[in-house]
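A look at the structure
Chain by chain, the residues:
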Amino acid sequence: MRWVDGLLAVAVAAAGAHVLLSMQLPGAALLFAALAVPLALVGRLLPGRPLVPTPGLAFIVFVSGGLLGYMALVDLVPAASWAVDFSVFGGLVLAGLLLMVWLLASRPPPGVDRVGDPPGDTLALAVLALALLIPRPVPAGVLAQALPWLAAGCALLSPLLARRGPRAIWRVAWLLPVAVVLPLSQAALQAVQRPVLGAVISALPAPRGATGFSPLARLRAEGLLRPARRPVLRVWVADGRPPPYLVGNRLLTLDAQYEWKTPSAAPLAAPRQTDAGRQRYRLAAGASAWSLAVHSLRRDDLLFLPPGTRWVEVADGGLAFDAAGVLDGKFAGRDERRWRAAGGGLPVSSAAEPATLALPVFWDAELQAAARQLGGADAAHTAARIGDELRSRRYSLDYRLDRRAPLKDFFLNRQPAHCFWYATAAALALRANGVPSRLVTGYRISEALGEGLFLVRERDAHAWTEWQDGAGRWHTLDATPPDYDAVLAPYGGGRLERFWQRLRARLDVWWQQVELSDAQVQAVLLAGLAVLAVLFVREYRRLRRVDPRQRRSRQWLRLWRGFLRTSGLPERPQWTPADYRENLPPQWSAARLQAARRFLDSYAAARFAPDADTASAAAALRELRRRRLSRRGASDTF
């Protein structure tokens, strides 16, 4: 095995192990790394060399990998693996690894039937793509950190060896100090990453962000928030007009560290089986005035429901409150994260909990006096006055408050901030006037796709306030200023992305109307795999039966086109190799003329001979390429 073959085998083994480790499959990674090189050697030593994968065969392998990933990958990888949420992409990546091993085993040897090394270049590019795009496992050990570097290094070095020989190793040896310094500089890069990225992000007009819903509501004196535009929920409104809010959790107590705690979670009534595979849970009594369906695109099982929900129905799952007070659906898989809900009116509780009137320890007389000035004749009037005051201010994702007393700075000095601060100020001001209140986190529905369809993104994560009247009913108070929408507008998708989201939502609606059981879906997928397997076998056998003379004719044609492209000579169909030999440009050097004549003589002698080998012509063409014949001046003679 040549140096190039060894480097490519190591690159493929390292890239495959990196991919499988990122999927949290260490056993499969070790097995792939151990078998990749022997499988490639066996393929090269067999008397009947396997065919090089054609685009048609590669397409069949990729489609089969995507189907298998959709069907089985979720059950094979751990729950924390990225392949759980991207099972189809994971299947495509594994199909790519299989094609890489196949291509490594079927590469033709040098000097026979080819010029250059296109299969090796394809392998090198594929390895680089996997090393750069596939995330490292977390936590990553020394081996997991080194595998992408090893794969990328071998992939970069193999084309140099194929064209320059072993001397290329010494030419790139000066890169070794850089490879040693880069890991050592990781700590320094991480130290400057946050301020540098903060400066760059603040200068961009519409950056991408990572901020979204979090059940942990902790207020910070300073913030530079960049909401994510990633879609998280699709909402279909079937009847009525539900509130434009989706509740995640309700929090009661604000501690001295400005963190909201003590979730308020009502007990769930006993589930009632409505049909096979669905559970309906009664959350409150009363008739329903609206109904909707939700498909979660999040990577967890959290449920979000509008205020006043009477019942919720989940498919293939359970229902319970987690430690943060958010409903957890306990769904069986990512594709089943769907629920239906119906409701109407206002949430009702019998008596106010003491925590809904409690004020934090840092609430002083100055804050109390300012809050009392907003009091009204009754609870509704007080809530209206507090909302009007706070909504008259300015919303901002980039804010700086006094670290010693951030809430006092925000409330008394009318400082700009985001929705958590406004919801907190509204809740505490209500309590200061004797009105029970609680802080609510979740999403706000704002992006309509048409025909009752809505899209919720991470940028729509929101906080607001609920206050209780004398009858025990909880009313929604959103004290966020109206420029909230303008500030978040740049974090939505573009026209093309919104069109794609509308199309996906329509397809999702159509698919839900196709009533197929799980067994029927699996049968359809297995039938599709069987059809793909038959097509693969037929295409492979057809390529095997291709007349060797036709294959050699194509090889000679590629050699001739390579000669014209390398030398820069014009194509003249009426000329023979002898005509080209007699009309070579006289300004060429003697070495160039000798290389060109050698190729033309080999081509003329062996092109139409029975069972002639292309090795001598291919060697002459490689020599011609090494001479680097220039196009300049070549066509002047003709």
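Everything that follows concerns the structure shown earlier in this document.
Residues numbered from 1 in each chain as written. Predicted model: local features only at pLDDT ≥ 70, side-chain atom pairs only at ≥ 80, totals over all residues. Heavy atoms only, no water.

What follows is about the packing of helix H12 (residues 379-391) against helix H14 (residues 419-432). Here H12 crosses H14 at 150°, and the two axes come no closer than 10 Å. One finds that H12 runs roughly antiparallel with respect to H14. Where H12 crosses over H14, the handedness of that crossing is right-handed. Of the residues in H14, those touching H12 at Thr-382, Ala-383, Ile-386 and Leu-390 are Tyr-422, Ala-425, Ala-426, Ala-429 and Leu-430. Its residues placed into classes, the contact of H12 with H14 shows eight nonpolar, one polar and no charged. (Axes fitted to C-alpha atoms, helices over the stretch in contact; angles between N-to-C directions. Helix = DSSP H or I, 4+ residues; strand = E, 2+ residues; numbered from the N terminus. Parallel < 35°, antiparallel > 145°, perpendicular 65-115°, else oblique. Left-handed = near helix turned anticlockwise from the far one by under 90°. Contact = heavy atoms within 4.5 Å. Nonpolar A, V, L, I, M, F, W, Y, C, P; charged D, E, K, R; others polar.)

Going through the model one piece at a time under the given rule, you end up with 24 salt bridges. A salt bridge links Asp-255 to Lys-261, with the nearest nitrogen and oxygen atoms 3.4 Å apart. Asp-255 gets classed as buried once you look at its relative accessible area, which sits at 16%. Accessibility expressed as a relative area gives 41% for Lys-261, which makes it partly exposed. Linked through salt bridges whose partners overlap, the residues forming this network are Glu-222, Asp-398, Arg-400 and Arg-403. (Salt bridge = Lys/Arg side-chain N within 4 Å of Asp/Glu carboxyl O. Buried < 20%, exposed > 50% of the residue type's maximum accessible area, 1.4 Å probe, protein only.)

With that settled, consider the side chain of His-475. When you line up the elements, His-475 lands in strand E17 (residues 474-477). Reaching out from His-475, the side chain makes a polar contact with the side chain of Asp-469 at a distance of 2.8 Å. Apart from residues no more than four positions distant in its own chain, His-475 is found in contact with Leu-346, Thr-465, Glu-466, Trp-467 and Asp-469. (Polar contact = N/O pair within 3.5 Å; in protein donor to acceptor, adjacent residues only side chain to side chain.)

Counted at 1.5 Å a residue, the expected span for helix H6 (residues 118-133) with its 16 residues is 22 Å, and the 22 Å between its end C-alpha atoms agrees. Turning to H6, its buried residues are Pro-119, Gly-120, Leu-123, Ala-124, Val-127, Leu-128, Leu-130 and Ala-131. (Expected span 1.5 Å × (residues − 1).)

Moving on: the packing of aromatic side chains. Going through the model one piece at a time under the given rule, you end up with 11 aromatic pairs. Consider the rings of Tyr-258 and Trp-421, whose centres lie 6.5 Å apart with planes at 45°: the pair is tilted. Taken together, the residues Tyr-258 in the loop between strand E3 (245-254) and strand E4 (260-263) and Trp-421 in helix H14 connect sequence positions 163 residues apart. The same class applies to Tyr-258 and to Trp-421, which are both buried. Between the aromatic rings of Phe-410 and Trp-421, the centroid separation amounts to 5.9 Å while the plane-to-plane angle is 45°, which identifies the pairing as tilted. One end of the pair, Phe-410, is in helix H13 (residues 406-412); the other, Trp-421, is in helix H14, with 11 residues separating them in the sequence. Exposure class is identical for Phe-410 and Trp-421. Each is buried. Over the aromatic face of Trp-311 sits the side chain of Arg-280, whose NZ or CZ is 3.7 Å from the ring centroid. Positioned above the aromatic ring of Phe-410, the side-chain terminus of Arg-393 is 5.8 Å from the ring centre. (Phe/Tyr/Trp six-rings, centres within 6.5 Å; stacked < 30°, edge-to-face > 60°. Lys NZ or Arg CZ within 6 Å of the ring centre and 35° of its normal.)

Once that is clear, we can look at the nonpolar core. Trp-260, Leu-390, Leu-407, Phe-410, Phe-411 and Trp-421 are the most contacted members of the largest nonpolar core, which totals 45 residues. Those elements that provide at least two residues to this core are E3, helix H11 (365-372), H12, H13, H14, strand E16 (461-468) and helix H15 (484-488). With 12 residues, H14 is the largest single contributor of residues to this core. By size, the runner-up hydrophobic cluster in this structure holds 43 residues, among which are Ala-15, Leu-25, Trp-82 and Ala-124. (Core = buried A, V, L, I, M, F, W, Y, C linked by side-chain atoms within 4.5 Å.)

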